[in-house]
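In case you want the letters, here they are:
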Amino acid sequence: MRVLEKSGKRTSKSSPLKYQKLMLADKKGNDVEAVIFGTEIDARENTLEVFHSYYISNAYVKKTAPPFDKKRDYKYSWTLNSRTEIEEIQTEDNQISAPNYDFIPFSDLHTPKEFSKPIDILAIALKMNPPKEVNTPYGLHTIQEIYLIDESCSFKPVCLTMWGHKVHDECLQIAEVIEERPIILGSKLIVQTKRGLSLSSRDTSTFKINPQLPEAEALKEWAESNETEIKNAIANCLTYESSPKSFVGLHEIVTNIQISELTKNLQLNEKKYFWIEAAIKITDTLQNFYYMSCDACHKKIDLYNRDEKIICDKPTCGQEGFPTPRAIAYVELDDNTKSLSAIMFADIVEKIFSCNAAQLMNYTAEV
């Protein structure tokens, strides 16, 4: 079996027990999810390296419970314990081919097709901001921002926000080598469009530092030949206060009346991005300041029972979970040249109202 993905240590929500997830695949491309618990994680720290192949026997096999068994042809998962025998395959002839990644260049992140599905990226880590806590419908969560760059983004870094346990696992590993500008392989990331384009991790995202791939070697050579430009990008774009914006270079401010002219010839489904400086006005105080959504993809859910889990009907999501409130506000943006109608979502609304989506839901119910 070849190790395709390997998470950091995680703590179960229902107990202090540590666990680690892996994704394995055989020569025919059949994959299986495996998990290691407790002390076995440290005992096998120097084995099961990503992209390496192993003979594995005597694993504990159990049937995957529905609806999670719908995602794979192989309907079982493995637990690797002290009885499991693992031996690395040394000869190259026996190595299973490396997984195929569909790396998306940063210059293509703005295309609509990349907004609705998890993506893979390969980039150079330039800088990390300190961890911080943010309000969510489930309370405080820890995040950490990493600024990345690739060959396509014209030396304008992209912000990747890491959430939860990844701050304590993958971010610590990246922090140890950040001064060396490591190459980061990120898989199953989400493209965010709340305040410009950015990237966000999710629970199923995986990361590899300095992967042994031809694409990584090419990116390293590109970085070495553009050392001056990368240093300038760090100096010019990353020396101010933390921001979730992705392309964090200097932005040209336009007026609302200019936007009307600049967008009048847009084609159907064509998008353009502008930066404005305006006053936010809420003209309808009786509007609903929340909607119930899928916690994974934020799709609106119309029929639900808050005490029951739902399976998201969005084809690219399909995640199971409890519906969660998400903040929304219909506003007017006035810059004294013209007033524009706009819709704000999530943490932008929460920041303006200084409360989270659950509190806004209670306010709407009271009104």
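Located above this text is the structure these notes cover.
Rules of the game
Residues numbered from 1 in each chain as written. Predicted model: local features only at pLDDT ≥ 70, side-chain atom pairs only at ≥ 80, totals over all residues. Heavy atoms only, no water. Core = buried A, V, L, I, M, F, W, Y, C linked by side-chain atoms within 4.5 Å. Buried < 20%, exposed > 50% of the residue type's maximum accessible area, 1.4 Å probe, protein only. Helix = DSSP H or I, 4+ residues; strand = E, 2+ residues; numbered from the N terminus. Phe/Tyr/Trp six-rings, centres within 6.5 Å; stacked < 30°, edge-to-face > 60°. Salt bridge = Lys/Arg side-chain N within 4 Å of Asp/Glu carboxyl O. Patch = residues over 30% accessible without salt bridge, like charges linked within 9 Å, V, L, I, M, F, W, Y side chains within 5 Å. Areas by Shrake-Rupley, 256 points an atom, 1.4 Å probe, with all protein chains shown as cover. Pairing = 2+ DSSP bridges.

A.B. asks: Could you give me a rundown of the nonpolar core, with the residues and numbers involved?
C.D. replies: Leu24, Phe106, Leu109 and Leu199 are the most contacted members of the largest nonpolar core, which has 53 residues in total. At 8 residues, strand β9 (residues 119-128) tops the list of elements feeding residues into this core. Counting 10 residues, the second-largest nonpolar core is a separate cluster that includes Ala327, Ala329, Cys355 and Ala357.

A.B. asks: I'd like to hear about the packing of aromatic side chains, residue by residue, with values.
C.D. replies: Counted according to the given criterion, the structure contains 4 aromatic pairs. Seen from their ring centres, Phe289 and Phe353 are 5.2 Å apart, and the 65 degrees between their planes marks the pair as edge-to-face. Taken together, the residues span a long stretch of sequence, with Phe289 in the loop between β16 (279-281) and β17 (290-293) and Phe353 in helix α7 (residues 346-353) at a distance of 64 residues. Aromatic pair Tyr291 and Phe345: ring centres 6.4 Å apart, planes at 90 degrees, arrangement edge-to-face. One end of the pair, Tyr291, is in strand β17; the other, Phe345, is in strand β21 (residues 339-345), with 54 residues separating them in the sequence. Judged by its relative accessible area of 30%, Phe345 is partly exposed.

A.B. asks: An account of the pattern of salt bridges is requested, with residue identities and associated values reported.
C.D. replies: This structure, assessed with the given rule, holds 9 salt bridges. Residue Arg44 is joined to Glu40 by a salt bridge in which the shortest nitrogen-to-oxygen separation is 3.2 Å. Residue Arg44 shares its accessibility class with Glu40, and that shared class is buried. Linking Arg181 and Glu227 is a salt bridge whose minimum nitrogen-to-oxygen distance equals 3.1 Å. Residue Arg181 is found in the loop between α3 (170-177) and β13 (183-192), and its partner Glu227 is found in helix α5 (residues 227-237); the two are separated by 46 residues along the sequence. One network of salt bridges, with partners in common, ties together Arg181, Glu227 and Lys231.

A.B. asks: Explain a nonpolar patch on the surface to me, using residue names and the numbers behind them.
C.D. replies: Taken together, the side chains of Val61, Tyr74 and Tyr76 make up a nonpolar region of the molecular surface, amounting to roughly 260 Å² of accessible area. With respect to the helices and strands, the residue Tyr76 is situated in strand β7 (residues 76-79).

A.B. asks: Lay out the pairing of strand β5 (residues 54-57) with the relevant residues and their values.
C.D. replies: What you see with β5 is a clean split: Tyr54 and Ile56 sit on the buried side and Tyr55 and Ser57 on the side with no burial. Relative to strand β8 (residues 85-88), β5 runs antiparallel, the two being bridged by 4 bridges. Opposite Ile56, over in β8, you have Ile86 as the bridge partner.

A.B. asks: Which residues make up unusual backbone geometry, and what values do they have?
C.D. replies: The backbone of Asn210 shows a phi angle near 50 degrees, a positive value even though the residue is not glycine. You can see Asn210 is positioned in the loop between β15 (206-209) and α4 (214-225). Given a relative accessible area of 36%, Asn210 falls into the partly exposed group. The residue Asn336 is not glycine, and still its phi comes out positive at about 75 degrees. Mapping Asn336 onto the fold places it in the loop between β20 (324-334) and β21.

A.B. asks: A description of the environment of Asp31 should follow, citing residues and the corresponding values.
C.D. replies: Of note, Asp31 is situated in strand β4 (residues 31-37). Residue classification places Asp31 among the partly exposed positions, given a relative accessible area of 28%. For the pair Asp31 and Val3, spaced 28 residues apart in sequence, the C-alpha to C-alpha distance is 9.6 Å.

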